[in-house]
Amino acid sequence: MNIGVVYEAVDGGGTPLVVRNQLRHLSDLGYKVAFVTSPQAMEKARTSFPRVLSVALLRESRSILFKLFWPWCIIATILLLRLQIVIIHSVRTASYFGFLAIVCGCRVIVVEHANPNVTFPLLLKRQRSFLNVVLRRSTAVCVSRGSARSFKETFGAEAQVIYNFVQFEADSNSAKTGQRDRTIVFLARLAPQKRASLLIDCFEKIAPECDWRLEIYGAGEELEMLQNKADSSQYKSRIKFGGWIDQPRGVYERAGIFVLTSCYEGFGITLIEAMSSGAPCVSFDCPFGPNEIIEHGCSGMLVENGNVDELAKVLLNLIRDANLREQLGKAGIDRSTKFNLNAHNRAWDRLIDGAYRCTSGGVVESGAQAVTPEAPQTALKGPSAREHHPGLDHGPAQ
């Protein structure tokens, strides 16, 4: 079988992690895999995945000649490579590349890694028109159940759910609080979506009542703003910026508490990474993902989305209760094992096998049953997930 995987990058963030794993896994299974990417990512992809043919087709240009010939280059590439299945890890890219792949007779799988409510307004009118055609003749995949519900409401198409995976092997001993630093850790892209500035605001509220430090890891457009904000704080000596980390496990294993402050997510892969390393996790209950990962009061803590005062209270409670931190860390390790790589790969194997049978003459049914890894159902969701939990006080501990 000939499979095309389409995405712009191989570095940084949760989506490139999933794409890199997919390229490796499919080539290991013996499929002929073509990675369609940007010119910037192609050379690294060739080095990292020698058994995968890398093709630079994702580029932007306002040139009239480019706009005239570029679609024909895509069509020619698809036909020359004899692609049967095309997996596109971007709704925006799927609007044009997916349409051309369908024209060429390919079975298309569109993956939404972000929040559909945020993705939709970014699409041009003509992109939405093409995407409507693509989604009627393809399979859509989302990385959380909340995202899949939103996808149906936003785009009018059913989406199957395949959770992202944790890349680390869980270690039950790593939850011991005595092995951890007295640090609150944030690790993500430094972009408006992640709201690291709110964590600095929160730290200024709790810093007078504890001797913990705040460590911020990542790179992005808000780095300078965040550094200036930290420099203006009276607690600036206790705020550290660690830059982008390619291998973050060591950071997770040292973290006293890990915090996610995003205003929205598609899934929230840093949560399961931190949980697998035994870090007690706190997250805003944002759409979507955190309340499907964290069982509030058991494997982590959920806080009303954007509520800095509540976040401060929860963090102080954890800082003052080492036993609670260790309890949440151990439960988080167990929870993270449900989002494992083997389950993720098996779900994709079933989906690809079904798509291949469709290209071989099978009947395509709309709204197919979800192909989901063996991730657990979360009993507590939405606002009810943050209700008072027996034995837990949302205010400062005595």
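In what follows, the structure referred to is the one given above.
Note that the structure is a prediction, hence the values are computed from the model and not measured.

Rules used throughout
Residues numbered from 1 in each chain as written. Predicted model: local features only at pLDDT ≥ 70, side-chain atom pairs only at ≥ 80, totals over all residues. Heavy atoms only, no water. Helix = DSSP H or I, 4+ residues; strand = E, 2+ residues; numbered from the N terminus. Expected span 1.5 Å × (residues − 1). Bend = angle between axes of the 7 residues up to and from the residue. Buried < 20%, exposed > 50% of the residue type's maximum accessible area, 1.4 Å probe, protein only. Polar contact = N/O pair within 3.5 Å; in protein donor to acceptor, adjacent residues only side chain to side chain. Contact = heavy atoms within 4.5 Å. 1 Å grid on protein atoms, 1.4 Å probe; cavity = no way out; pocket = protein on both sides within 12 Å on 5 of 7 lines; lining within 4 Å. Points joined across faces, edges and corners; volume = space filled by probe spheres on them. Nonpolar A, V, L, I, M, F, W, Y, C, P; charged D, E, K, R; others polar. Axes fitted to C-alpha atoms, helices over the stretch in contact; angles between N-to-C directions. Parallel < 35°, antiparallel > 145°, perpendicular 65-115°, else oblique. Left-handed = near helix turned anticlockwise from the far one by under 90°.

> Looking at this model, I keep getting lost on helix α3 (residues 64-81). Mind explaining?
Since the α-helix packs 3.6 residues into each turn, any two residues three or four apart lie on the same face. An ideal rise of 1.5 Å per residue puts 26 Å on 18 residues; α3 measures up with 26 Å between its terminal C-alpha atoms. The largest bend along α3 reaches roughly 30° and is located at Trp70, with the proline Pro71 sitting one to four residues downstream. Listing the buried residues of α3 in full gives Phe66, Trp70, Ile74, Ile75, Thr77 and Ile78. Downstream of α3 by a residue or two, Arg82 has a phi angle that is positive, lying close to 55°.

> Just checking my understanding: could you explain unusual backbone geometry for this structure?
Trans is the common state for peptide bonds, and a negative phi is the common state for residues other than glycine. With an omega dihedral of -5°, the bond running from Pro287 to Phe288 counts as a cis peptide bond. When you line up the elements, Phe288 lands in the loop between β12 (281-284) and α12 (290-293). For Arg195, which is not a glycine, the phi torsion comes out positive at approximately 55°. Along the chain, Arg195 turns up in the loop between β8 (183-187) and α8 (196-206). Overall, the relative accessible area of 17% leaves Arg195 in the buried class.

> When you look at the side chain of Ser27 in this model, what are you seeing that I'm missing?
Here Ser27 shows up in helix α1 (residues 14-28). Judged by relative accessible area, which is 10%, Ser27 ranks as buried. Here Arg24 takes part through its backbone oxygen, which lies 2.9 Å from a polar atom of the side chain of Ser27. In this view, Ser27 contacts Val33, Arg51 and Val52; residues no more than four positions away in its chain are not counted.

> Is there a simple way to explain empty space enclosed by the protein in this structure?
Gaps left between atoms are located by rolling a probe of water-molecule size over the structure's atoms. Under the definition given, this model contains one cavity of 30 Å³ or more. Estimates place the volume of the largest cavity at around 50 Å³. Considering the residues around the largest cavity, the lining is formed by Val18, Asn21, Gln22, His25, Leu26, His344, Asn345 and Trp348. Among the elements of the structure, α1 and α15 (341-359) are those that each provide at least two residues to the lining of the largest cavity. Of the residues forming the lining of the largest cavity, the biggest block, five residues, is contributed by α1. Looking at side-chain class alone, the lining of the largest cavity contains three nonpolar, five polar and no charged residues.

> Quick question: what am I supposed to make of the packing of helix α4 (residues 91-103) against helix α6 (residues 125-136) here?
Relative orientation and spacing of two packed helices are given, respectively, by the angle between their axes and the distance between those axes. The geometry of α4 relative to α6 is characterised by a closest axis approach of 8 Å and an angle of 55° between their N-to-C directions. Between α4 and α6, the angle falls in the class oblique. Handedness of the α4/α6 crossing: left-handed. Judged by residue contacts, Val91, Arg92, Ala94, Ser95, Gly98, Phe99 and Ile102 of α4 engage Gln127, Phe130, Leu131, Val133 and Val134 from α6. Along the lines of polarity and charge, the residues of the contact of α4 with α6 split into eight nonpolar, three polar and one charged.

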